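As a plain string of letters, each chain reads:
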Amino acid sequence: VSLKLNKGEITGLIGHNGAGKSTLMGIVTGLILRYSGDVLINGENLKTLKERQKIGSMIENPTFFGNMSGIDNLKYCACMNKQKFDYNKISRYAEMLEMDSVLKFKVKTYSIGMKKKLDFMQAIYGDPNIILLDEPTSGVDPYIIPEMRKILRELADKGSGIMVASHQLSEIEKTCDKVYMINRGVLIDEMNISDLPEDADLEKIFIERIDESVKAGKK
């Protein structure tokens, strides 16, 4: 896989289960340390980078301290990222996500969707240079998803480079500027969303590319 995440751009990453989406994100975030190849951030190799870039990440199944409140979990995450927590930096996002009234409650009382929104908030806190989101809208109320899209576009406009991995291809079309398709750990296609015809079906295109990739692998 060789791909590029640009500043000010929202990039989609799609592939079937086990294609390597989460593995790729784990490498960039530093959760996976043993890998071949290189990750370059602003031209510097991640393996030898002296000063870590601000990378916000959201995993598919978030884990928080259940006996702590939502706000205390956010404070903890900020501390782990060596940031001073300031609620004013995230209060507007909390309102947009309808989380402002529940952050004082213990996370063990949260629904799956609420935990996803809390994870989204910790990932974007402090406007990171790089934001990696794995299935960010899965389990989230449909009427909140457009608000998440607005927030991501705002962050991209501020200069963040954002990558979204998702199986919800319609959401990728609505959210992203371009998309990478991977199959069995191999990049099989990339395209700009704006270049797709209005009646294009990203799901159909993806399936066709997968079939082409499988056929090419058998030759």
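Conventions and cut-offs
- Residues numbered from 1 in each chain as written.
- Predicted model: local features only at pLDDT ≥ 70, side-chain atom pairs only at ≥ 80, totals over all residues.
- Heavy atoms only, no water.
- Salt bridge = Lys/Arg side-chain N within 4 Å of Asp/Glu carboxyl O.
- Helix = DSSP H or I, 4+ residues; strand = E, 2+ residues; numbered from the N terminus.
- Buried < 20%, exposed > 50% of the residue type's maximum accessible area, 1.4 Å probe, protein only.
- Pairing = 2+ DSSP bridges.
- Axes fitted to C-alpha atoms, helices over the stretch in contact; angles between N-to-C directions.
- Contact = heavy atoms within 4.5 Å.
- Expected span 1.5 Å × (residues − 1).

Caption draft 1: Representation of the pattern of salt bridges within the structure. Counting across every chain of the model gives eight salt bridges. Residues Glu-9 and Lys-178 are paired through a salt bridge, measuring 3.4 Å at the closest nitrogen-oxygen approach. A residue pair is termed long-range when its members are at least 10 positions apart, and Glu-9 in the segment before strand 1 (10–14) and Lys-178 in strand 7 (residues 178–183) qualify at 169 residues. Summarising the burial analysis for this pair, Glu-9 and Lys-178 share the class buried.

Caption draft 2: Region of interest: the sheet that holds strand 4 (residues 55–58). With mixed pairing, the six strands of this open sheet are ordered in space as 4-5-6-1-7-8. The outermost strands of the open sheet, each flanked by one partner alone, are strand 4 and strand 8 (186–192). Going from strand to strand, the sheet's axes swing by 15 degrees on average, the running direction of each strand aside. Pairing geometry for strand 5 (residues 130–134) and strand 6 (residues 161–165), over five bridges, is parallel. By the bridge assignment, Leu-133 is partnered in strand 6 with Val-164. Against the sheet, helix 1 (residues 21–29) makes contact with strand 1, strand 4, strand 5, strand 6 and strand 7, and its axis sits at roughly 150 degrees relative to strand 5, the strand it touches most.

Caption draft 3: Structural context of helix 4 (residues 112–124). For helix 4, which comprises 13 residues, the first-to-last C-alpha distance of 19 Å matches the rise-based estimate of 18 Å (1.5 Å per residue) to within 8%. Within helix 4, 10 of the 13 residues are buried, which leaves the element mostly enclosed by the surrounding structure. Within helix 4, burial applies to Gly-113, Lys-116, Lys-117, Leu-118, Asp-119, Phe-120, Met-121, Gln-122, Ala-123 and Ile-124. Next to the buried residues of helix 4 lie strand 4, helix 2 (70–80), helix 3 (91–96), strand 5 and helix 5 (145–158). Where helix 4 terminates, the next one or two residues include Gly-126, which has phi positive at roughly 80 degrees.

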